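Residue strings, one per chain:
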Amino acid sequence: MNLRLNALRAKMAEMNLDAIYVNSAENHLYMSGVDNPDGHLVITKEKAYVFADFRYIEAARADAREGFEVCLPGKPTLNEVVRDCNIKNFGYEDRRMTCSSLAGLKKTLDGMGVEFCPIGGIFTEIRSIKTPDEVASVEAAQRIAEGAFAHILKVINYNMTETEVAAELEYYMKKNGSEKPSFDTIAVSGTASARPHGVPRPVKLEKGFLTMDYGAVVNGYHSDMTRTIVIGKADEEITRLYNTVLAAQCAAIDAITEGAKNADMDKIARDLIDNAGYKGYFGHSLGHGVGLEIHEQPGVSGGMGDTTLKAGQIITVEPGIYIEGKYGCRIEDMVLITPGGKRNLTNCPKELIEI
Ligand SMILES: [Mn+2]
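The shown structure was predicted, so the numbers you read here are calculated from the model rather than taken from an experiment.

Q: Just to check I follow, could you spell out the nonpolar core for this structure?
A: Note that soluble globular proteins tend to have their nonpolar side chains buried in a common cluster. Judged by nonpolar contacts, the single largest core of 37 residues is most densely connected at Leu8, Ile20, Met31, Ile43, Phe68 and Ile314. When residues are assigned to domains, this core turns out to be shared by domain 1 (3-126) and domain 2 (129-344), each giving three or more. Not counting the four nearest positions on each side in its chain, Ile43 is found in contact with Leu5, Leu8, Arg9, Met12, Asp18, Ala19, Ile20, Val22, Met31, Ala48 and Phe68. Judged by nonpolar contacts, the second largest core, of 31 residues, contains Phe209, Ile256, Val335 and Ile337.

Q: How should I be thinking about the coordination of the manganese ion in this particular structure?
A: At the metal site, the manganese ion is ligated by Asp224 (OD), His288 (NE2), Glu318 (OE) and Glu332 (OE), and these contacts range over 2.1 to 2.4 Å. Site description for the manganese ion: donor spacing in sequence, D-x63-H-x29-E-x13-E. With His288 in strand β12 (residues 287-289) and Glu318 in the loop between β14 (314-317) and β15 (320-323), this residue pair connects regions lying 30 residues apart in the sequence. Judged by its relative accessible area of 10%, His288 is buried.

Q: I keep staring at the layout of surface pockets and nothing clicks. Help me out?
A: Gaps left between atoms are located by rolling a probe of water-molecule size over the structure's atoms. One number sums up the size of the largest pocket: a volume of about 260 Å³. Residue lining of the largest pocket: 14 residues in total, with Leu3, Arg4, Tyr30, Ile126 and Thr131 positioned closest to the centre. Those elements that place two or more of their residues in the lining of the largest pocket are α1 (3-14), α6 (122-128) and α7 (132-155). Ranked by residue count, the leading element in the lining of the largest pocket is α1, at 3 residues. When its residues are assigned to classes, the lining of the largest pocket shows 4 nonpolar, 2 polar and 8 charged. There are two domains that each give the lining of the largest pocket at least three residues, and those are domain 1 (3-126) and domain 2 (129-344).

Q: Help me understand the environment of Thr98 in this model?
A: Relative to the helices and strands, Thr98 is located in the loop between β5 (89-92) and α5 (99-108). Side-chain polar atoms of Thr98 contact the side chain of Ser101, separated by 2.8 Å.

Q: When you look at the pattern of salt bridges in this model, what are you seeing that I'm missing?
A: Counting across every chain of the model gives 27 salt bridges. Between Glu125 and Lys11 there is a salt bridge, with its nearest N and O atoms 2.5 Å apart. Here the residue Glu125 occupies a position in helix α6, and Lys11 occupies one in helix α1, the gap between them amounting to 114 residues. The partly exposed category is assigned to Glu125, whose relative accessible area is 48%. We classify Lys11 as buried; its relative accessible area is 17%. Close ionic contact of Arg227 with Asp333 constitutes a salt bridge, the shortest N to O distance being 2.9 Å. With a gap of 106 residues between them, Arg227 in strand β11 (residues 225-231) and Asp333 in strand β17 (residues 333-338) connect regions that are remote in the sequence. Classification of Arg227 as buried rests on a relative accessible area of 2%. Through salt bridges with shared partners, a single network forms among Glu26, Arg96, Arg127, Lys130, Glu293 and Glu296.

Q: How should the packing of α7 against helix α8 (residues 162-175) be read in this particular structure?
A: In a packed pair of helices, the relevant descriptors are the angle between the two axes and the axis-to-axis distance. Following both chains from N to C, one finds α7 and α8 inclined at 135°, their axes separated by 9 Å at the closest point. Here α8 runs oblique to α7, going by the angle between their axes. Like other packed secondary-structure pairs, α7 and α8 cross with a definite hand, here right-handed. When α7 is examined against α8, the residues Ile144, Ala145, Gly147, Ala148, Phe149, His151, Ile152 and Val155 are found in contact with a partner set consisting of Val165, Glu168, Leu169, Tyr172 and Met173.

Q: It is not clear to me how the sheet that holds strand β1 (residues 19-22) should be interpreted in this structure. Could you clarify?
A: Two orientations exist for strands paired in a sheet by backbone hydrogen bonds: parallel and antiparallel. One open sheet holds the 6 strands; their spatial order is β4-β3-β2-β1-β5-β6, and the pairing between them is mixed. The two strands at the open ends of the sheet, each matched to only one other strand, are β4 (69-71) and β6 (115-118). Taking each pair of neighbouring strands and ignoring which way they run, the sheet shows an average axis angle of 25°. Note: strand β2 (residues 40-44) against strand β3 (residues 48-51), 4 bridges, orientation antiparallel. Counterpart to Leu41 in the pairing with β3 is Val50. Against the sheet, α1 touches β1, β2 and β3, its axis set at about 65° to β2.

What counts as what
- Residues numbered from 1 in each chain as written.
- Predicted model: local features only at pLDDT ≥ 70, side-chain atom pairs only at ≥ 80, totals over all residues.
- Heavy atoms only, no water.
- Core = buried A, V, L, I, M, F, W, Y, C linked by side-chain atoms within 4.5 Å.
- Buried < 20%, exposed > 50% of the residue type's maximum accessible area, 1.4 Å probe, protein only.
- Domains from an automatic or database assignment.
- Contact = heavy atoms within 4.5 Å.
- Donors = N, O, S within 2.8 Å, 3.2 Å for Na, K, Ca; no water.
- Helix = DSSP H or I, 4+ residues; strand = E, 2+ residues; numbered from the N terminus.
- 1 Å grid on protein atoms, 1.4 Å probe; cavity = no way out; pocket = protein on both sides within 12 Å on 5 of 7 lines; lining within 4 Å.
- Points joined across faces, edges and corners; volume = space filled by probe spheres on them.
- Nonpolar A, V, L, I, M, F, W, Y, C, P; charged D, E, K, R; others polar.
- Polar contact = N/O pair within 3.5 Å; in protein donor to acceptor, adjacent residues only side chain to side chain.
- Salt bridge = Lys/Arg side-chain N within 4 Å of Asp/Glu carboxyl O.
- Axes fitted to C-alpha atoms, helices over the stretch in contact; angles between N-to-C directions.
- Parallel < 35°, antiparallel > 145°, perpendicular 65-115°, else oblique.
- Left-handed = near helix turned anticlockwise from the far one by under 90°.
- Pairing = 2+ DSSP bridges.

As far as function goes, none of this settles anything; it's purely spatial.
Written out as structure tokens, the structure reads:
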């Protein structure tokens, strides 16, 4: 039995869909087990097809999950599948499909009486709840990222550039089993640390904060962590700012539990930062889900209404304070929501480190 197919077909029934056309790499991998950015799936009420061209067909045959039939494109043709499976309502990934791909699909099936329906957040909803093997992959990626942090603390010196710090982190992760970086590694120092998603520069590390935000990928699953250290000695203001971010992060993590409101988690961290005199300097949300993509459902922000945390979700907790022209600091852990509680998946020191 393929539980993912069952879950998807239950959603398809709710939306009255006869089939779904899957083109995004993440949903393709999630459903079929096949990592093929150029392939597509057709999942009907009864059948499920993996279409892979010559470059990927051998891997597809090896990796396809139970319930999937692996085919070369055209064998059968999409028209044959639509006719044989009597597909009248075809769902497509409106959030992940280009306009031209959709136009091409409509052209291919022109005259067959097929209606095309956007599926919206079907996959993101299913994927937000992780199975134990998915959690294990995220944790494996996180262990590699933690190794990279220990490594950078050993090799970092005043002559290194931000680019070199990023390269060192990524090289360590790749050498230790990461498929690729989770996203473009952030390593920003001095005034550039005030940019939450700053790009590493080919300049020597500047005094003050050095923020490193990065992650590894294992089995397609991403990790995400941020650590901010101090280049040189931390003065009183830097220490106070750092400890405020840390206190906000710890307070939010303490409050996280199954059934807690996402928006409340954001508020706990934000109030603490505001009340310490940094109102307006925490300009992004508290966190986000992590999985096959670096940013997934659920969001952890003030705009989440009455949405509550569910067991099986993995979220980041990453408050920060950023003062343009001066510096910024962020601390980020990943937390798994468990039945009645939570487990911090990040195992990495958070006390202020001076280099
Ligand atoms: Mn993050």
